[in-house]
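Examination of the molecular architecture
The chain contents come next:
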Amino acid sequence: MLVLVVRTLILYGIVIIAMRIMGKRQLGELQPSELVVAIMISDLASVPMQAIDIPLLSGIIPVMTLIVAEVMMSYMSLKSKKMRKLLSGEPSIVIYDGHINERELARLRFNINDLLEELRLNNCHDISDVEVAVVETSGKLSVIPKDKARTVTVEDMKPENVRHDGLPCTIISDGTLNHHELSRAQKDMAWLDGELKKRGIKSVKDVFIASLDAEDELFIQLKGERDKKEHKG
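Each value, and the rule that gives it
All residue numbers refer to positions counted from 1 along the written sequence of the respective chain. Reporting in this predicted model follows two pLDDT cut-offs: at least 70 for local features of residues, and 80 or more for side-chain atom pairs to be given and counted; totals over whole chains, interfaces and linings ignore these cut-offs and use all residues. To obtain the side-chain values, all non-hydrogen atoms of the structure were used and water was disregarded. By this definition, two strands are paired if DSSP reports at least two bridges between them. The helix and strand labels rest on DSSP assignments: H or I over at least four residues marks a helix, E over at least two residues marks a strand, and numbering proceeds from the N terminus. We call two residues in contact whenever any of their non-hydrogen atoms come within 4.5 Å of each other. All axes are obtained by fitting lines to C-alpha atoms, using only the stretch in contact for helices, and the reported angles, taken between N-to-C directions, cover 0 to 180 degrees. The term nonpolar core refers to a set of buried residues drawn from Ala, Val, Leu, Ile, Met, Phe, Trp, Tyr and Cys, joined through side-chain atoms within 4.5 Å. Relative accessibility decides the category of a residue: with a 1.4 Å probe and only protein chains considered, values under 20% of the type maximum give buried, values over 50% give exposed, and everything between is partly exposed. The rule for a salt bridge is simple: a side-chain nitrogen of Lys or Arg has to be within 4 Å of a carboxyl oxygen of Asp or Glu.

With respect to topology, four strands assemble into an open sheet ordered S2-S1-S3-S4, the strand pairing being antiparallel. Taken across any chain shown, the strands that pair with only one partner, and hence form the sheet edges, are strand S2 (99-100) and strand S4 (141-145). For strand S1 (residues 92-96) and S2, the ladder comprises two bridges, and the chain directions are antiparallel. Directly across from Ile95, in S2, lies its bridge partner Ile100. Contacting S1, S2, strand S3 (130-135) and S4, helix H6 (residues 112-121) crosses the sheet at an angle of about 60° to S4.

Structure, rendered in structure tokens:
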């Protein structure tokens, strides 16, 4: 009995370490690849936990192998947009300006009842009040309501704080230009080049993220910019 307790505690510690190594995101919404790894780790750890005749290493080695594989895949997805898309997919816009994208719902195998349920969970009861609804890579629905449907605060009542909400266009992501997002923002390369020159940026590759909001305000963060500020502080 004591041996079983000790083996269980050892495997418990190994699984906790594994989840910590794979990152804090494991504790929140799991990406598809992360979910698979989490399920496999729990399954592999339970085998030697239940049977004393099975060597402890038979559970530890496969778990450690999965950890290494997941860390390597996470690193590859961090460096490669194609790998990130392959492993996690991309967010999908299912409602835009109060209109449901039936084709996208069908592609996601997301029926109308599922959509309405998710909208209600987001405190939205009328599709016409939705500016943008996005199914994230985790499967959760993010909802941006129209101006008329937002809860009004005291700050919102001030004329200088009146804003128009909408889905920002991520024009540049990790040094890669997204032509589709640039087109959706109704901008062209001449405009982008001009904005980069205004800020003294020589190349798109130097930009970590550039997004344009519904107010036509451009946000740009250079690669390593935050790291440099923290280092100076």
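Here the narrative resumes, following the displayed structure.
The biggest cluster of nonpolar side chains holds 16 residues, and the ones touching the most others in it are Ile171, Ile172, Trp191, Leu192, Leu196, Val207 and Ile220. Secondary structure elements with two or more residues in this core: strand S5 (169-173), helix H8 (189-198), strand S7 (207-212) and strand S8 (218-222). Apart from the residues within four sequence positions on either side, Leu192 is in contact with Ile171, Ile172 and Leu177. Ile95, Leu119, Val130 and Leu141 belong to the second-largest nonpolar core, a separate cluster that totals 11 residues.

Strand order in this open sheet of four strands is S6-S5-S7-S8, and the pairing throughout is antiparallel. With partners counted over all chains shown, the strands left at the sheet margins are strand S6 (176-177) and S8, one partner each. Inspection of the sheet shows S5 paired to S7 by four bridges, in the antiparallel sense. Note that in S7 the partner of Cys169 across the bridge is Leu212.

The tally for this structure, following the rule as stated, stands at five salt bridges. Close ionic contact of Glu181 with Arg184 constitutes a salt bridge, the shortest N to O distance being 3.0 Å. Here Glu181 pairs with Arg184, and both are found in helix H7 (residues 179-184), just three residues apart, close to one helical turn. Taking the relative accessible area as the measure of exposure, Glu181 reaches 12% and is therefore buried.

On to unusual backbone geometry, then. Located in the positive-phi region is Asn123, a residue other than glycine, with phi close to 60°. Along the chain, Asn123 falls in the loop between H6 and S3. Positioned with a positive phi, Asp174 is a non-glycine residue whose angle comes to about 55°.

The values reported here are purely geometric and, on their own, carry no functional implication.
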